[in-house]
Amino acid sequence: RGRRRRPVRAANSALPRRAAAPEVAIAATAAPAQGMGRLRVEGNRLVDEQGRTALPRGIAFGGLSKVPRSPDGSTHKSGMVFYDHKEVSFVGRPCALSELDEHLGRLQEWGFTLLRLLVTWEAVEHAGPGKYDQKYLAYLRAVCERAHTLGFSVIIDPHQDCWSRWTGGDGAPGWTLEAAGLMVDPLLHNQGAAFLHQEHVQSTSEPLPYMSWPANYDRFACATMMSLFWAGDRLAPGVRPMLRGCEGTPLQELLQGNFIRAMAAVAEALRGVPSVLAFETMNEPHPGWLGVEDLERVTPGPITSGISPFKQLRDGNAAWVDEKCLWERARVWNSERKAVVDPKRFRCEDWMGECFAPFVQRYAAAIRAVLPDVALVVCPPAFGPESQKAFPGSLPPASIWAPHFYDGMLLMGKQWNPDVGMEEVKPGEKLFGFVPAPPIRPVIGLKEKIEAYKRQMTWKGELYGTAPVPILLGEIGIPFDIGPARDAWALGQAEQAIDAHLRAMEELFLPFCWWNYTPENSHKHGDGWNGEDLSIFCREDGGGRGLRALVRPALLLCAGAPVRQSFDLAAGSYRCEFQADGTGASVFFVPRLHFRREAGAAVSASPGCDVAWDEEAQRLTCRPKGPGLVVLELQQRGR
């Protein structure tokens with residue numbers, strides 16, 4: 001660092017590809033910056049200050065930001081301190097400021113340009129309604145300022161899973177449960193209102209059932225809170241909060257309004273920080289029990305508790321303060337008669353239109369009242385039928401649509417099989433033009449598996465509503481605890497899985513945020529949250545995991561329209577085609593991990609292109625002589 005970087009002259013490459021480009025002379029131009037500069041939404045593209053199409057490579061930072069640092073909220077730790085929810089601190093999540101340069105420098109070296117920074121509502125407002133943690137907000141600002149210095153853009157992710165830590169996930173402060181009349185107490189687990197890792201490890205020596213946490217969406221504590229957040233005014237009219245000082249505020253407004261105001265406080269704390277590209281709406285929103293037609297039937301689908309809502313309410317009364325169930329107070333059921341009084345209370349034919357879309361508009365207005373130029377990242381539901389429905393109407397201006405995608409067999413089964421997979425079929429698809437296709441279909445062979453990934457990413461990305469917007473794959477990742485042992489074989493399987501996922505995204509030119517980077521990851525406890533182990537960093541594995549597949553060449557800024565790109569990991573070759581709109585420079589990430597001139601790396605490009613390759617910065621610029629199709633190829637000899 002501090003030395004003047006000199007671009008190098010590339011040799012001709014003889015790629016075993018069609019229409020190989022000729023040798024190019026390397027222009028003596030200044031090395032490109034490692035960041036992408038200020039990005040903005042323009043139509044259905046993300047662009048930089050020069051109007052070039054931007055294709056950021058993002059990472060969720062970090063996985064343990066879901067829980068406090070003090071006291072350590074890692075979910076394998078039990079004890080009553082877990083329930084002392086007001087005196088906590090998230091300062092130091094995702095890492096201490098003194099460690100920030102180490103982690104961001106590593107991510108920069110791996111080619112990431114975008115941070116999806118996890119920020120929970122609890123981190124901001126744990127002490128009570130309207131009481132914001134100013135030390136945490138100052139810490140967040142320091143993180144985002146340093147990210148700017150190192151060239152990163154930042155998306156603020158108001159993260160939640162299953163509402164809160166006491167309902168099996170993370171997100172909301174403990175006082176929200178108290179407002180609804182729920183006990184923040186081991187009774188939540190003991191009465192079946194939630195399934196908690198913290199209580200499971202205390203009551204049994206059995207390992208935590210893997211991916212058990214999503215079923216909490218269908219357990220009555222989380223389902224109650226989510227339902228009230230979206231439609232408390234309709235579902236529980238006249239039922240007031242059981243929280244001192246808030247009795248006059250309707251429950252829906254207390255929850256939704258305070259969440260939005262807390263995120264507006266985050267925006268205020270980050271006013272003037274150039275790295276802040278966007279605010280996300282809410283991670284993986286869920287309707288709770290809204291849409292349930294019959295409270296006495298088990299909720300269908302793969303994410304279910306296996307117990308009907310009514311049975312949960314009838315058997316879990318002790319989880320409520322003074323055993324006064326909110327839904328009995330709202331006359332949904334009657335404990336004396338042990339019967340449902342209003343079985344259709346949760347009927348909702350259009351949750352996206354009735355609940356989610358108004359929330360998105362309200363949230364956008366609140367954030368932009370503070371930061372008028374910030375983009376809005378809209379994350380749709382990840383579970384249930386709502387995850388397959390389009391956003392109603394148009395998204396707010398300068399929005400980005402950010403669905404999530406995971407290989408279900410790999411995530412849930414912790415097994416990678418390149419020869420067999422399952423594909424979630426696009427809703428409404430027909431077989432032979434008239435027979436409704438089944439919701440899931442088998443996929444045979446790695447090539448078809450990658451094509452299936454592309455199809456699923458494409459149709460999920462097309463649910464943005466009526467007006468096209470940029471698409472960002474908001475989450476994608478793999479578990480690293482594949483198979484029974486953490487050995488070279490397992491890491492090889494992980495590498496192959498990562499390569500397949502990234503081949504699909506790079507062929508679609510789809511920007512993404514990989515899940516995740518957790519500084520504290522360990523073999524014993526993984527990411528420290530509900531048994532998950534998806535972090536690409538683990539000190540016990542020597543640092544990065546799956547890097548040969550994860551760190552790969554890519555087009556970052558395109559002065560024109562991307563056409564196609566591909567990277568062959570085994571052959572050590574990369575090819576990109578784009579339609580240049582003039583003489584502007586397009587920028588590529590070229591990792592030293594794969595391409596080093598001293599080891600025989602070569603560059604080819606279309607005639608007349610000026611190419612500058614800075615190996616130290618891992619950036620290559622390609623400037624054509626005018627409009628037209630440009631082909632750029634890289635080859636590492638000896639592969």
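A brief look at the structure comes next. These numbers were taken from a predicted model, which means no experiment stands behind them.

## So, the pattern of salt bridges
Enumeration over the complete set of coordinates arrives at 41 salt bridges. Among the salt bridges present, the one from Arg93 reaches Asp72, with a minimum N-O distance of 3.2 Å. One end of the pair, Arg93, is in the loop between β4 (57-61) and α1 (97-109); the other, Asp72, is in the loop between β4 and α1, and 21 residues separate them in sequence. We classify Arg93 as buried; its relative accessible area is 4%. Note that Arg575 is salt-bridged to Glu633, the shortest N-O span being 2.5 Å.

## A word on empty space enclosed by the protein
Where empty space is left becomes clear once a probe the size of a water molecule has been rolled over the atoms. Taken as a whole and judged by the stated rule, the model has four cavities of 30 Å³ or more. If you add up the space inside the largest cavity, you get close to 110 Å³. Of all the secondary-structure elements, those providing two or more residues to the lining of the largest cavity are α14 (488-508) and β20 (554-558). With three residues, α14 is the single largest residue contributor to the lining of the largest cavity. The residue inventory of the lining of the largest cavity, partitioned by class, reads 10 nonpolar, one polar and two charged.

## Overview of the sheet that holds strand β16 (residues 473-476)
Adjacent strands of a sheet form backbone hydrogen bonds with each other and so pair up, either parallel or antiparallel. As summarised here, the arrangement of the eight strands in space is β11-β10-β7-β6-β5-β4-β17-β16, forming an open sheet in which the pairing is parallel. Taken across any chain shown, the strands that pair with only one partner, and hence form the sheet edges, are β11 (399-401) and β16. This sheet shows a mean twist of 30 degrees between the axes of neighbouring strands, independent of strand direction. Where strand β7 (residues 276-280) lies against strand β10 (residues 375-378), three bridges are found, and the strand directions are parallel. Bridging from a neighbouring strand, Glu280 pairs with Val377 of β10. Each of β4, β5 (114-119) and β17 (512-517) is contacted by α1, which is oriented at about 150 degrees to β4, the strand it contacts most.

## Some details on the side chain of Ser275
Looking at the element boundaries, Ser275 is found in the loop between α8 (251-269) and β7. Residues contacting Ser275, with those up to four places away along its chain left out, are Arg38, Cys144, Ala147, His148, Phe152, Ser153 and Val154.

## Topic: unusual backbone geometry
Here the residue pair Ser70 and Pro71 is connected by a cis peptide bond, since its omega of -10 degrees sits within 30 degrees of zero. Along the chain, the position of Pro71 falls in the loop between β4 and α1. Here Trp515 and Asn516 are connected by a cis peptide whose omega angle stands at 0 degrees. Assignment of secondary structure puts Asn516 in strand β17. With phi around 60 degrees, Phe432 is a residue other than glycine that occupies positive phi space. Secondary-structure assignment places Phe432 in the loop between β13 (430-431) and β14 (435-436).

## Brief notes about the nonpolar core
Among the nonpolar cores identified, the biggest contains 193 residues, and Leu107, Phe279, Trp327 and Trp514 are the most heavily contacted of them. Sorting elements by how many residues they give to this core places helix α7 (residues 220-235) first, with 11 residues.

What counts, and at which threshold
- Residues numbered from 1 in each chain as written.
- Predicted model: local features only at pLDDT ≥ 70, side-chain atom pairs only at ≥ 80, totals over all residues.
- Heavy atoms only, no water.
- Salt bridge = Lys/Arg side-chain N within 4 Å of Asp/Glu carboxyl O.
- Helix = DSSP H or I, 4+ residues; strand = E, 2+ residues; numbered from the N terminus.
- Buried < 20%, exposed > 50% of the residue type's maximum accessible area, 1.4 Å probe, protein only.
- 1 Å grid on protein atoms, 1.4 Å probe; cavity = no way out; pocket = protein on both sides within 12 Å on 5 of 7 lines; lining within 4 Å.
- Points joined across faces, edges and corners; volume = space filled by probe spheres on them.
- Nonpolar A, V, L, I, M, F, W, Y, C, P; charged D, E, K, R; others polar.
- Pairing = 2+ DSSP bridges.
- Axes fitted to C-alpha atoms, helices over the stretch in contact; angles between N-to-C directions.
- Contact = heavy atoms within 4.5 Å.
- Core = buried A, V, L, I, M, F, W, Y, C linked by side-chain atoms within 4.5 Å.

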